[in-house]
Amino acid sequence: MSGPADRRVLNAEEATSVEDFGAQLEAWRLRMETALESRLPPADVVPARLHGAMRYSVLGGGKRIRPALVFATARAVGLTEDEVEAVACAIEMVHVYSLVHDDLPAMDDDDMRRGRPTCHKAYDEATALLVGDALQPLAFQLLARDPKLPGSAAVRLKLTDTLAQAIGTYGMAGGQAIDLAVQGMKLDIAQVEDMHARKTGALIRASVLMAAECVEPALDPNLYTALSRYANAVGLAFQIQDDLLDVMGDASMLGKATGADSERAKPTHPAVIGVPASQQRVRLLHSQAINALAPFGERADALRALANWLLSRQY
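Residues numbered from 1 in each chain as written. Predicted model: local features only at pLDDT ≥ 70, side-chain atom pairs only at ≥ 80, totals over all residues. Heavy atoms only, no water.

Some thoughts on empty space enclosed by the protein
For clarity, the cut-off: A 1.4 Å probe that fits into a set of points on a 1 Å grid over the protein atoms alone but cannot get out defines a cavity; an open set with protein on both sides within 12 Å along at least five of seven lines defines a pocket, and lining residues are those with an atom within 4 Å of a point. Grid points are joined across faces, edges and corners, and a volume is the space filled by probe spheres set on the points. Put simply, DSSP H or I for four residues or longer makes a helix, DSSP E for two residues or longer makes a strand, and each gets a number counted from the N terminus. For this scheme, ten residues count as nonpolar: Ala, Val, Leu, Ile, Met, Phe, Trp, Tyr, Cys and Pro. Four count as charged, namely Asp, Glu, Lys and Arg, and the remainder, Gly too, count as polar.
According to the stated counting rule, one finds two cavities of 30 Å³ or more in the structure shown. If you add up the space inside the largest cavity, you get close to 120 Å³. Together, 13 residues line the largest cavity, and Tyr56, Ser57, Arg113, Arg114 and Cys119 are the ones closest to its centre. Elements supplying a minimum of two residues to the lining of the largest cavity: α2 (48-58), α4 (81-102) and β2 (116-117). Per-element tally for the lining of the largest cavity: the top contributor is α4, with three residues. Within the lining of the largest cavity, the residues separate by chemical class into six nonpolar, three polar and four charged. Volume-wise, the second largest cavity comes out at about 60 Å³. Taken together, Ala233, Val234, Ala237, Phe238, Val282, Leu285, His286, Ala289, Ala307, Leu310 and Leu311 make up the lining of the second largest cavity. Counting only elements with at least two residues in the lining of the second largest cavity, the list comes to α10 (221-248), α14 (275-292) and α15 (301-312). Across the lining of the second largest cavity, the residue classes tally to ten nonpolar, one polar and no charged.

Observations regarding the layout of surface pockets
By volume, the second largest pocket is sized at about 420 Å³. In this structure, the second largest pocket is lined by 22 residues; those nearest its centre are Ala166, Tyr170, Ala197, Ala202 and Arg205. At the level of elements, α7 (153-167), α9 (189-212) and α10 are the ones that each hand at least two residues to the lining of the second largest pocket. The element contributing the most residues to the lining of the second largest pocket is α9, with seven residues. Of the residues assigned to the lining of the second largest pocket, the class counts are nine nonpolar, eight polar and five charged.

Interpretation note: all reported values are geometric properties and have no functional meaning in isolation.
The structure is reproduced here in structure tokens:
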């Protein structure tokens, strides 16, 4: 395992309160802006319009929650941020590609994302399609080539497999397909949670597990399972909180319109079981996530703080 984590950011003890962890999240967000910018093609290189649209979409703000999960997990398993930064970039590129495609008229038909026009509004629909087409292979190229990731071919193959599973038909793409197919339909809560586990939860789970997969020799299987349980709970809680914010949130803080789920008759937690029960479900999942981290002791304080922040966020 590697030595102490990068001391330019708050240590685990300082990051336990929501307020302090907000500062930690901002430090990680700023790190990611630099990391992503350096890994994207220059805007003045042919095809310039596509490269410009990629940069517009990836560098257009955002909370960078998935990279934060990567960095917090690295801290828990004894790795530095440098050792997992490429994983964080790969996951964020895939996440952004999914948002660009999700915003298209054929999908959710959204005009605003992160407080400014969506990619297809700022450019055009064909360019937005190509942005997603280009960001996905770039993410896998990072896993194959980045020099700071483990040199082991087995580790890089595992990282590639984990990300591929998270975004395929059994993960994000499958969840999006289900989401489109069930609009206007009545689902029970188990069906809603299965959809969310694919659409949102799978990539959040990958954010945690891919950081753990960078450990050499391999992390103890019991610890890996504990991280998986944490990630499953946090991933679902994150989506339910998003659903609640769509009902109760402030559009000016969210950077996008609220009420979209209701307008499209989407089967969400608030729609199926109501707001109070949805809030209770978030609290239960938060408790499950925290309990899963017990084997890590203080090393997982950043992951605990992230779960606390997700529970209290307003955007």
